[in-house]
Amino acid sequence: MTQLHGTEPDFQTLFEVIPGLYLVLQPDLTIVAASNAYLEATMTQRQDILGRGLFEVFPDNPNDPAATGAQNLRASLTRVLKEGRSDAMAVQKYDIQRPESEGGGFEERYWSPINAPVFNANQEIQYIIHKVEDVTEFIQLKKRDVENNALTQELRQELRAKTEEMESEVFHRAQQLQEVNQQLRDANEKLSELDRAKTDFFSNVSHEFRTPLTLILGPIEEAISNPEKALKGATLEAVYRNALRLLRLVNNVLDFTRIEAGYHQARVEPTDLATLTAGVGSAFRSLIESAGITFSMDCPPLPEPVYVDRSCWEKIVLNLLSNAFKFTFEGEIAVSLTWCGDHIELAVRDTGVGISERNTHHIFERFHRIPNTRGRSIEGTGIGLALVQELVKLHGGDISVTSIEKQGSTFAVSIPTGTAHLSAMAIHVEQQLNDVLTDSTHTEPPKTTLLSSYILGETSQWFASREKSRNLSNEEALDNANDEPQDARGYILVVDDNLDMREYLCGILSTYWNVKAVENGEVALASIAQRLPDLILSDVMMPLLDGFELLREVRTSPRTSSIPFVLLSARAGEEAIFCGLGTGADDYLVKPFTTQELLARVHTHLTMARVRIALQKELMATNQRLQETHVQLLEAEKMASIYRVSTDLINSCIKP
């Protein structure tokens, strides 16, 4: 078993040197491990027994027709597998075959066995631990006692002492077995946790990769199939923007995995941290203020340079500012840098939606997302804050958060000053400290990097998305105050929190149908209240009200329950598709998809809806005609009854 950072015990070595006779068996009774003491007691070699069946290696003595050791042991192991609990056996005569080097044949042995199950995370038996005590000497002494019936007092005392010693040893070994079992269970739990973390990791990464891939592959596919639609203008910018997003996702994943594997080495150097922080933060000023949020920075000059990896520090500041902007809609975002003697403290404070106390404890965990939180977007791999925490730890620092729900949050990063906490090999001194203090070039703001360009572009999209959707909704509210469509083309409502995806879908669909796009389920419900769409095409993961919740709202209202609903998601696989269709969706389209596939599915569901509506109208008309015919029949029957009564009355009056 591989050791991690020297902290994980080597369970294989521990098991092999444990002072007891142990075998580890698979449920098919194949031997997979043996203690050194067991090998010595049975005169076998590890390479000769591993991977072989228990009774193939240790058969009954063919020279003893009364031998039952193998039979009794098999019965005990069968009980363990069937009942799932330990089984202690009575003392067994089970002779051991001598190696050829010692003359071969079988040597009489007596054993006291215990067989115990080991379960996996699914509570299935994964192994059986076969533990034995060699009581041959004890039994032989007892035999001599029976045969001679007159042991000396010395032999009796020796036997009694030996018995007490063996009882004590059995008890001690039982405790050791319990400890080994616990260690094995702990190891299994750790492996299960790692497996779950790996599954979550790849699921989230796959999900986040699919949206930019769709927005890259779709326009390229159209350009290849139609040379007149060469990539240019806004379409080319969207492809480039999503290529940068994909690049950032890949880099974040690589950074995080390198740090976890211990391969990432911070390249620190003496840095004017106030100037660097102010330069990185100032890039956000125009964006934040254009959203109506006050932005302040307090980064006074520090007494001396601070040793940091500049690219890592930029990622820390950018991720914290991006996170603040994502969840702040009014009020203030403030950045401060404070010299505290033995450390500096960076604080990023906002007056955003805040974090509940329950979620504060999990905020730096990988893939943790706070459900139903108002935000400009929920896109991302879910490792942003976890990555920030790891980057801070690389500098020997720590990060904390204080937050009040609906009032705001403050993220505080503490980095030690000086170099005592750093490895000598980690320090990359490009210039001497005096040069750093005197060189005026270090007072210039840092140049905008590809990372900051992408993050600014992405956060700008969040703000532009909100403003564009609000303007579009206000304009259409004036033109669409009733449920009747403007023309016979059909009306589709697109719901997605990604602006590029909304514009891409509208570009494809608007050629054939009227289309409106909104950024989340709440806005979609408001739009549906103004005008009923002929079809709803919705993303699954969105802030405030996601696709599944929107679908449930639509299906529970009699006014909207029959509207075709197509879910659009980056979550692939049968389980995700079954979940989507199981909630009542008419279809489930996985990103990335082709233009033809999208158009075909939308056309099919619109056509089916029209046919369904036509049939409903025909059934209503038929029912109306049946009701009218029924009324006419009742009227005719009534007139016939009146005619019969009148005829009978007349006939009775004219009788002579």
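In case you missed it, the structure is sitting above this.
The model shown is predicted, which means the values in this text are computed figures rather than measured ones. (Residues numbered from 1 in each chain as written. Predicted model: local features only at pLDDT ≥ 70, side-chain atom pairs only at ≥ 80, totals over all residues. Heavy atoms only, no water.)

Novice: Break down the sheet that holds strand β17 (residues 514-518) for me, citing the residues and quoting the values.
Specialist: Reading across the sheet, the five strands line up as β17-β16-β18-β19-β20 and stay open at both edges, with parallel pairing between neighbours. Two strands in the sheet have a free side with no partner beyond their single neighbour: β17 and β20 (587-590). Each adjacent strand pair in this sheet contributes to an overall mean axis angle of 20°, direction not counted. Pairing analysis gives four bridges linking strand β19 (residues 565-569) to β20, with the strands arranged parallel. Across the sheet, residue Ser-569 finds its bridge partner in β20, namely Val-590. (Pairing = 2+ DSSP bridges. Helix = DSSP H or I, 4+ residues; strand = E, 2+ residues; numbered from the N terminus. Axes fitted to C-alpha atoms, helices over the stretch in contact; angles between N-to-C directions.)

Novice: Help me get a handle on unusual backbone geometry, residues and values and all.
Specialist: Cis rather than trans, the peptide bond between Lys-591 and Pro-592 has omega equal to -5°. Secondary-structure assignment places Pro-592 in the loop between β20 and α20 (595-653). Of note in the backbone geometry, Leu-29 takes a positive phi value of approximately 70° without being a glycine. Along the chain, the position of Leu-29 falls in the loop between β1 (21-25) and β2 (31-34). By relative accessible area, Leu-29 is classed as buried at 12%. Look at Met-43: it is not a glycine, yet its phi comes out positive at around 55°. Residue position: Met-43 is located in the loop between α2 (36-42) and α3 (46-49). (Buried < 20%, exposed > 50% of the residue type's maximum accessible area, 1.4 Å probe, protein only.)

Novice: Account for the packing of helix α9 (residues 273-282) against helix α11 (residues 310-326), naming residues and giving values.
Specialist: As a packed pair, α9 and α11 sit with axes 10 Å apart at the nearest point and diverge in direction by 45°. It follows that α9 is oblique to α11 by the angle criterion. For the pair α9 and α11, the crossing hand works out as right-handed. Across from Leu-273, Leu-276, Thr-277, Val-280 and Gly-281 in α9, the residues of α11 making contact are Arg-310, Trp-313, Glu-314, Val-317, Leu-318 and Leu-321. Split into classes, the residues belonging to the contact of α9 with α11 amount to seven nonpolar, two polar and two charged. (Parallel < 35°, antiparallel > 145°, perpendicular 65-115°, else oblique. Left-handed = near helix turned anticlockwise from the far one by under 90°. Contact = heavy atoms within 4.5 Å. Nonpolar A, V, L, I, M, F, W, Y, C, P; charged D, E, K, R; others polar.)

Novice: Which residues make up the pattern of salt bridges, and what are the values?
Specialist: One pass over the full model with this rule turns up 19 salt bridges. For Glu-289, the salt bridge is made with Arg-285, and the minimal N-O distance between the two is 3.3 Å. Here Glu-289 and its partner Arg-285 are both found in helix α10 (residues 285-290), four residues apart, which amounts to about one turn of the helix. Here Arg-349 ties to Glu-332 by a salt bridge, and the two come within 3.4 Å at their closest N and O atoms. One end of the pair, Arg-349, is in strand β13 (residues 343-350); the other, Glu-332, is in strand β12 (residues 332-339), with 17 residues separating them in the sequence. Several salt bridges converge on common partners, so that one network encompasses Arg-98, Glu-107, Arg-109 and Asp-134. (Salt bridge = Lys/Arg side-chain N within 4 Å of Asp/Glu carboxyl O.)

Novice: With reference to specific residues and values, describe helix α16 (residues 499-509).
Specialist: Most of α16 sits out of view: nine of its 11 residues are buried. Looking at α16, one finds that the buried residues are Leu-499, Asp-500, Met-501, Arg-502, Tyr-504, Leu-505, Cys-506, Ile-508 and Leu-509. N-cap assignment for α16: the residue whose side-chain oxygen lies 3.0 Å from the backbone N of Asp-500 is Asn-498. (Polar contact = N/O pair within 3.5 Å; in protein donor to acceptor, adjacent residues only side chain to side chain.)

Novice: Can you explain the sheet that holds strand β15 (residues 408-416)? Please cite residues and give values.
Specialist: Remark on secondary structure: sheet strands pair via backbone hydrogen bonds, oriented parallel or antiparallel. Across the sheet, which stays open at both edges, the five strands sit in the order β10-β12-β13-β15-β14 with mixed pairing between neighbours. Here the strands that pair on one side only, and so sit at the sheet edges, are β10 (294-298) and β14 (398-404). Sheet twist, expressed as the average angle between the axes of neighbouring strands with direction ignored, equals 10°. As judged from the five bridges shared by β10 and β12, these two strands associate in the parallel manner. Residue pairing for β12: Thr-294 is matched across the bridge by Glu-332. α9 contacts β10, β12 and β13 of the sheet and is inclined by roughly 170° relative to β10.

Novice: Lay out the pairing of β17 with the relevant residues and their values.
Specialist: Within β17, five of the five residues are buried, which leaves it mostly tucked inside the rest of the structure. With burial as the criterion, each face of β17 is covered, one bearing Asn-514, Lys-516 and Val-518 and the other bearing Val-515 and Ala-517. Across five bridges, the pairing between strand β16 (residues 491-495) and β17 is parallel. From the neighbouring strand, Val-495 faces β17, where its bridge partner is Val-518. Handedness of the crossover is the feature at issue here: the chain leaves β16, passes through α16, returns alongside β17, and the resulting connection is right-handed. (Right-handed = clockwise from strand over helix to strand, strands pointing away.)

Novice: Lay out the packing of helix α17 (residues 521-530) against helix α18 (residues 547-556) in plain terms, naming residues and giving numbers.
Specialist: When two helices pack together, their arrangement is given by the angle between their axes and by how far apart the axes lie. Two elements in contact, α17 and α18, have axes whose closest approach is 9 Å; the angle formed by their N-to-C orientations is 25°. If you check the angle between α17 and α18, you find them roughly parallel. Remark: the crossing between α17 and α18 carries right-handed chirality. Contact residues: α17 offers Gly-521, Ala-524, Leu-525 and Ile-528, while α18 offers Leu-550, Glu-553 and Val-554. Each residue belonging to the contact of α17 with α18 can be placed in one class, and the counts come to five nonpolar, one polar and one charged.

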